[in-house]
Amino acid sequence: MDLDPALRGARALALTRALEAAIAGSTAGLRGSLARGTGDAYSDIDLFWELPDSRFLEAFDALGEIAARVGPVESIRADPLLENSDKRQLVFVQFADLPLYWRVDLALFARSIGRDEEYDLDNPRARGEPWPHGESALVHAVAALKALLRGDEARARESLHSAFTRIEQPLPDGSAWHQIGELAALVGRLDLEQAALVRRVQLHRAAARAIARAELG
């Protein structure tokens, strides 16, 4: 697994350029830890895309096609809290050729709200359909892997508790590494549509354990 930050930076730059080229008058760029220069090898790609109000919904609908111009898209999901908002969205793009750790978290804003990250959070009409429980659980497993690689087992345990809650299964005993393996196996049996993501999580778990063991010497 290649975790060279230069690869992540190149994809982020390519995507921001593609976004701006797709919608005249729009602005895209980094946000979060990468923008602050505090990211590490496991940090995801946090971006913003500020759009003319008149083209906001058009841009949202075209996002999958735009992302596919810069890399193979494995999945694209809108945050259910904002899925029906007409001025703010949060979209998660997973590229098939990048590590799961480098998911793109793209915040879309209509220009009239000035990148207001509180906009529509309290609006029940902005709500959409929840993600499939198996997929949501595996996303929490990836968060747990990132936490373990950063040496934060407490956060990994929190993510795993949330993951098993999503699929309504008890949290098994054992290490966080063991629980991630059990979670992937469970989702693989309960939700066949997540088979590809299950395999990716299992591969990431094996690679992450090798990294952790190497760091322990």
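The structure this text deals with has already been given above.
My aim in this report is to walk through the structure given alongside it, one point at a time. Keep in mind that this is a model prediction, so the values were computed, not measured.

1. Points about the layout of surface pockets
Space inside the largest pocket adds up to approximately 550 Å³. Forming the walls of the largest pocket are 26 residues, and the residues nearest its centre are Q94, L100, R103, V139 and V142. At the level of secondary structure, the elements contributing two or more residues to the lining of the largest pocket comprise β3 (73–78), β4 (88–95), α4 (133–149) and α7 (195–216). Element by element, the count of residues in the lining of the largest pocket is highest for α4, at seven residues.

2. What about α4?
Counted at 1.5 Å a residue, the expected span for α4 with its 17 residues is 24 Å, and the 25 Å between its end C-alpha atoms agrees. For α4, a buried count of 13 out of 17 residues is recorded, marking the element as mostly surrounded by other parts of the structure. Among the residues trailing α4, G151 stands out with phi positive, at a value near 80°.

3. Let's talk about the sheet that holds strand β1 (residues 27–30)
If you walk across this open sheet you meet the five strands as β1-β2-β5-β4-β3, and the pairing is mixed. In this open sheet, the two edge strands, each paired with only one partner strand, are β1 and β3. Each adjacent strand pair in this sheet contributes to an overall mean axis angle of 20°, direction not counted. By the bridge criterion, five bridges tie β3 to β4 in an arrangement that is antiparallel. Residue pairing in the sheet places S75 in a bridge with Q94 of β4. Taken strand by strand, helix α3 (residues 56–68) contacts β2 (45–51), β3, β4 and β5 (104–110), and its axis lies near 5° from that of β4.

4. Section: the packing of aromatic side chains
Given two aromatic rings, their pairing is described by the distance between the two centres and the angle made by the two planes. Enumeration according to the criterion identifies two aromatic pairs in this entry. Between Y42 and Y101, the ring centres sit 5.7 Å apart and the planes meet at 80°, which makes this aromatic pair edge-to-face. Of this pair, Y42 sits in the loop between α2 (32–36) and β2 while Y101 sits in the loop between β4 and β5, and the two are 59 residues apart along the sequence. Of the two residues examined, Y42 and Y101, each falls in the buried class. With a centroid separation of 5.5 Å and an interplanar angle of 80°, the aromatic rings of F92 and W131 are classed as edge-to-face. With F92 in strand β4 and W131 in the loop between β5 and α4, this residue pair connects regions lying 39 residues apart in the sequence. The burial state of F92 is the same as that of W131; both residues are buried. Positioned over the ring face of F95 is R11, at 4.8 Å from the centre of the ring. The residue whose ring lies beneath R115 is F48, and the NZ or CZ to ring-centre distance is 3.8 Å.

5. A look at the environment of D40
Mapped onto the fold, D40 is located in the loop between α2 and β2. The class for D40 is partly exposed, based on a relative accessible area of 28%. It is 9.1 Å that separates the C-alpha atoms of D40 and R150, two residues lying 110 residues apart in sequence. Once residues lying within four places of it in the same chain are set aside, the contact partners of D40 are R8 and R150. One polar contact links D40 to R150, side chain to side chain, over a distance of 2.8 Å.

Definitions and limits used
- Residues numbered from 1 in each chain as written.
- Predicted model: local features only at pLDDT ≥ 70, side-chain atom pairs only at ≥ 80, totals over all residues.
- Heavy atoms only, no water.
- 1 Å grid on protein atoms, 1.4 Å probe; cavity = no way out; pocket = protein on both sides within 12 Å on 5 of 7 lines; lining within 4 Å.
- Points joined across faces, edges and corners; volume = space filled by probe spheres on them.
- Helix = DSSP H or I, 4+ residues; strand = E, 2+ residues; numbered from the N terminus.
- Expected span 1.5 Å × (residues − 1).
- Buried < 20%, exposed > 50% of the residue type's maximum accessible area, 1.4 Å probe, protein only.
- Pairing = 2+ DSSP bridges.
- Axes fitted to C-alpha atoms, helices over the stretch in contact; angles between N-to-C directions.
- Contact = heavy atoms within 4.5 Å.
- Phe/Tyr/Trp six-rings, centres within 6.5 Å; stacked < 30°, edge-to-face > 60°.
- Lys NZ or Arg CZ within 6 Å of the ring centre and 35° of its normal.
- Polar contact = N/O pair within 3.5 Å; in protein donor to acceptor, adjacent residues only side chain to side chain.

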